[in-house]
Amino acid sequence: MDAISLQTEGKSLLGGAIKKDERPFGSKMVFDSVQNRALFYGVEHGSKLSEITIYEFDDKFRLVNDKAGRYSADVKGCAIINDMAATENYCIFVPPPISAGLQFIVNRDPGKCLSLGEGSSLMHLIPRMGSNKPQATLNIPMDADFMIDGNLLFCNSFENQETGEIIIDVVRPETPPSGDALPTYPWVDTVEKYQAGA
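In this text the structure is predicted, and so the values were computed from the model without any measurement. (Residues numbered from 1 in each chain as written. Predicted model: local features only at pLDDT ≥ 70, side-chain atom pairs only at ≥ 80, totals over all residues. Heavy atoms only, no water.)

Student: How do you make sense of the overall build of the chain when you look at a structure like this?
Tutor: On a plain count of helices and strands, the chain comes out with two helices and twelve strands. Scanning the chain from its N terminus toward the C terminus, one meets helices and strands in the order β-β-β-β-β-β-β-α-β-β-β-β-β-α. By residue count, 34% of the 198 residues in the chain fall in the buried class. (Helix = DSSP H or I, 4+ residues; strand = E, 2+ residues; numbered from the N terminus. Buried < 20%, exposed > 50% of the residue type's maximum accessible area, 1.4 Å probe, protein only.)

Student: For this particular structure, what's the right way to read the nonpolar core?
Tutor: Within soluble globular proteins, side chains that are nonpolar tend to cluster in buried spots. Counting 18 residues, the largest nonpolar core has Ile52, Ile54, Phe93 and Ile126 as its most contacted members. Taken together, the elements giving at least two residues each to this core come down to strand 2 (37-44), strand 3 (49-57), strand 4 (70-76) and strand 6 (90-93). If near-sequence neighbours (up to four positions away) are discounted, Ile54 is found in contact with Leu39, Phe40, Tyr41, Gly69, Arg70, Tyr71, Cys91, Phe93 and Ile126. Within the second largest apolar cluster, eight residues are counted, among which are Ile92, Met123, Leu152 and Phe154. (Core = buried A, V, L, I, M, F, W, Y, C linked by side-chain atoms within 4.5 Å. Contact = heavy atoms within 4.5 Å.)

Student: Is there a simple way to think about the side chain of Asn89 in this case?
Tutor: Its location among the elements puts Asn89 in the loop between strand 5 (85-86) and strand 6. Apart from residues lying up to four places away in sequence, Asn89 is in contact with Ile126, Pro127, Arg128, Ser131, Lys133 and Glu159.

Student: Honestly, the packing of aromatic side chains in this entry has me stumped. Any pointers?
Tutor: Geometry of an aromatic ring pair is reported as the spacing of the ring centres plus the angle between the planes. One pass over the full model with this rule turns up four aromatic pairs. Relative to Phe57, the ring of Phe40 lies with its centre 5.8 Å away and its plane at 85°, an arrangement referred to as edge-to-face. In this pair, Phe40 is assigned in strand 2 and Phe57 in strand 3, connecting sequence segments 17 residues apart. Take Phe40: its relative accessible area is 11%, and that puts it in the buried class. With 4.2 Å between their ring centres and 5° between their planes, Phe57 and Phe61 make a pair best called stacked. By way of ring pairs, the aromatic residues Phe40, Phe57 and Phe61 are connected into one cluster. (Phe/Tyr/Trp six-rings, centres within 6.5 Å; stacked < 30°, edge-to-face > 60°.)

Student: In this structure, what is going on with the layout of surface pockets? I would like to understand it.
Tutor: To find leftover empty space, a probe the size of one water molecule is rolled over the atoms. As a volume, the second largest pocket reaches approximately 340 Å³. Forming the walls of the second largest pocket are 20 residues, and the residues nearest its centre are Asp32, Ala86, Thr87, Glu88 and Ser157. When contributions to the lining of the second largest pocket are tallied by element, the ones reaching two or more residues are strand 1 (30-32), strand 5 and strand 11 (153-159). For the lining of the second largest pocket, the element with the highest residue contribution is strand 11, accounting for six residues. Counted by class, the lining of the second largest pocket contains nine nonpolar, six polar and five charged residues. (1 Å grid on protein atoms, 1.4 Å probe; cavity = no way out; pocket = protein on both sides within 12 Å on 5 of 7 lines; lining within 4 Å. Points joined across faces, edges and corners; volume = space filled by probe spheres on them. Nonpolar A, V, L, I, M, F, W, Y, C, P; charged D, E, K, R; others polar.)

Student: Just checking my understanding: could you explain the sheet that holds strand 9 (residues 121-127) for this structure?
Tutor: By way of backbone hydrogen bonds, the strands of a sheet pair with one another, either parallel or antiparallel. Judged by pairing direction, the sheet is antiparallel, and its four strands sit side by side in the order 5-6-9-10 without closing on themselves. The open sheet has two edge strands with one neighbour each: strand 5 and strand 10 (136-140). (Pairing = 2+ DSSP bridges.)

Student: Explain the pairing of strand 6 to me, please; I cannot follow it from the model alone.
Tutor: The side chains of a regular strand alternate between the sheet's two faces. Here strand 6 shows a buried face lined by Tyr90 and Ile92 and a second buried face lined by Cys91 and Phe93. Judged from the two bridges that link them, strand 5 and strand 6 form a sheet pairing that is antiparallel. Residue pairing in the sheet places Ala86 in a bridge with Cys91 of strand 6. In this structure, strand 6 lies alongside strand 9, joined through four bridges in antiparallel fashion. Pairing of Cys91 across the sheet is with Ile126, part of strand 9.

Keep in mind that these numbers describe shape and distance, not what the molecule does.
Structure (structure tokens):
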């Protein structure tokens, strides 16, 4: 990408980070300022099982040496993800409950075979490179009406060193997208309007 015009200059496999031309690669990056690393992800979708691959780059934008800079984890369900969070030990994903029919496998437009399911979302805690923590999946009850695009949007995450708790901060609208329309950007244009709505 050209740094001035932001024009793309062609395909890139990020210096060999992405092994195959068709390998999915998400647009979300999380920066770990403690370890000075950039984290990205890609998802290979399946109707019952998905594979999340996490890429960790160093401060020279080279894959870190541990595990060749990428590692994969299988997660239950069709993991439709548009955001991630990272702590010292984990990458965190919370896809919504998705129902995928048999047509998902053969349809040319598999997105038309998916629907937002009922029940809890699954929080996937995938250990980062150098972490000795186990992979974990937790059921998290969430009201799907309040999830933007069916996904959580993260703004911060960290681990409490004293208690071992994982704390995540997420964006959540006050009114559900299925109800009243959310305000359009810019949401406020003065400090007074911000304070009135806060």
